[in-house]
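# Structural description and commentary
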Amino acid sequence: RNGIRIKVKFMKDFFKACKLYVNVLYAPVFRVISILVMSIGVFAAFFLNQPESSDDYIKTIILISIFHIGILIRNIYVDFLNPKFFYSIQFAKKYNIIVPVLTTASISVVYDIILFIAACMNFGIDFAADLMIFNAAATITVCLLSISPHLRHEFFIPLPLFCVTLIASIRDEMSHDLQGLGFSLYVDILITLGFHIVGCVVLMAVGELWWKKRKI
């Protein structure tokens, strides 16, 4: 019975944290702006021309996936909120560590599916499959930038270097006459799932450790 009560309490606190998070960070005006920004990526996936070279191929993928930043519009003002309040509420850990990652990932995955369908219709399945991998990386990046500001600031500095290194490594592996990463659809799917699952788990695990040692 105690185990059941603990689980029920956990779920109640989790849903309370989700409700507060959405109400605070997804005010109507920010929802509209986010949708408008993210729509640019969908428009690009539908209407951009077919890339003619390996460099154009990667640039096109990055141009489409970069509009995940629309999810982070709410971060423009989040740091101006009173952070101490959000560390003192009953479900503070869930609000600051778990909910930001899962909420952002859920929104981003839906966006990834829309981009995949749009890219399939315009560029074909091979391009869309490669786009999945970059979208997954973009998803984990926005999840990282969605966590508690104090935790986010500690990880923000090495993030751009990591992203640049990853993209440069992929481009170096590609042949100059090859358009695509060269993986089969099944491998693309596995890599995408790996990014999502491992990325979210690592972010929440690091957040858990940070929470125990936080000074706030």
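Preceding this paragraph is the structure being described.
What you are looking at is a predicted structure, and each value in this text was computed from that prediction instead of being measured.

The subject of this paragraph is the overall build of the protein chain. Counting secondary structure elements, the protein chain contains 10 helices and zero strands. Listing each helix as α and each strand as β along the protein chain from the N terminus yields α-α-α-α-α-α-α-α-α-α. For the protein chain, with 216 residues in total, the buried portion stands at 44%. Considering only intrachain contacts with a sequence separation of at least 6, the fraction spanning at least 24 residues in the protein chain is 85%. Accessible surface, the protein chain as shown: approximately 12,400 Å² in total, 71% of it carbon and sulfur.

A separate point is a nonpolar patch on the surface. Taken together, Ile125, Leu185, Ile189, Leu190, Leu193, Ile197, Val198, Val201 and Val202 make up a surface patch of nonpolar side chains, about 780 Å² in accessible area. Mapped onto the secondary structure, isoleucine 197 falls in helix 10 (residues 185–213). Given the relative accessible area of 54%, isoleucine 197 is considered exposed.

This part covers the pattern of salt bridges. Counted under the stated rule, the structure contains one salt bridge. Close ionic contact of glutamate 208 with lysine 93 constitutes a salt bridge, the shortest N to O distance being 3.0 Å. On the criterion of sequence distance, the pair formed by glutamate 208 in helix 10 and lysine 93 in helix 6 (residues 92–122) is long-range, its members being 115 residues apart. For lysine 93, a relative accessible area of 30% gives the class partly exposed.

Turning to the packing of aromatic side chains, a few remarks are in order. Enumeration over the complete set of coordinates arrives at five aromatic pairs. Ring centres of phenylalanine 43 and phenylalanine 47 lie 4.7 Å apart, and the angle between their planes is 45°; this geometry places the pair in the tilted category. Separated by four residues within a single helix, phenylalanine 43 and phenylalanine 47 lie in helix 2 (residues 28–47), roughly one turn from each other. Across the pair, phenylalanine 47 and phenylalanine 43 agree in class, each one exposed. Put simply, the rings of Phe43, Phe46 and Phe47 pair up and form one aromatic cluster.

Right, let's get into the side chain of aspartate 112. For aspartate 112, the position within the fold is in helix 6. By relative accessible area, which is 9% here, aspartate 112 ends up buried. In this structure the side chain of aspartate 112 is engaged in a polar contact, spanning 2.9 Å, whose partner is the side chain of threonine 139. Leave out the neighbours within four places in its chain, and aspartate 112 touches His68, Asn135, Ala136, Thr139 and His196.

One full turn of an α-helix is made of 3.6 residues, so residues set three or four places apart face in the same direction. The end-to-end C-alpha distance of helix 2, which contains 20 residues, comes to 28 Å, matching closely the 28 Å that a straight helix rising 1.5 Å per residue would cover. Of the residues making up helix 2, those classed as buried are Phe30, Ser34, Val37, Met38, Gly41, Val42, Ala44 and Ala45.

The next subject is the environment of tyrosine 95. Tracing the sequence through the fold places tyrosine 95 in helix 6. Judged by its relative accessible area of 5%, tyrosine 95 falls in the buried class. Between the C-alpha atoms of tyrosine 95 and phenylalanine 15, which are 80 residues apart in sequence, the distance is 9.7 Å. Excluding its chain neighbours within four sequence positions, the residues that come into contact with tyrosine 95 are Ala17, Leu20, Tyr21, Val24, Phe86, Ile89 and Pro100.

Parameters at a glance
Residues numbered from 1 in each chain as written. Predicted model: local features only at pLDDT ≥ 70, side-chain atom pairs only at ≥ 80, totals over all residues. Heavy atoms only, no water. Helix = DSSP H or I, 4+ residues; strand = E, 2+ residues; numbered from the N terminus. Buried < 20%, exposed > 50% of the residue type's maximum accessible area, 1.4 Å probe, protein only. Contact = heavy atoms within 4.5 Å. Areas by Shrake-Rupley, 256 points an atom, 1.4 Å probe, with all protein chains shown as cover. Patch = residues over 30% accessible without salt bridge, like charges linked within 9 Å, V, L, I, M, F, W, Y side chains within 5 Å. Salt bridge = Lys/Arg side-chain N within 4 Å of Asp/Glu carboxyl O. Phe/Tyr/Trp six-rings, centres within 6.5 Å; stacked < 30°, edge-to-face > 60°. Polar contact = N/O pair within 3.5 Å; in protein donor to acceptor, adjacent residues only side chain to side chain. Expected span 1.5 Å × (residues − 1).

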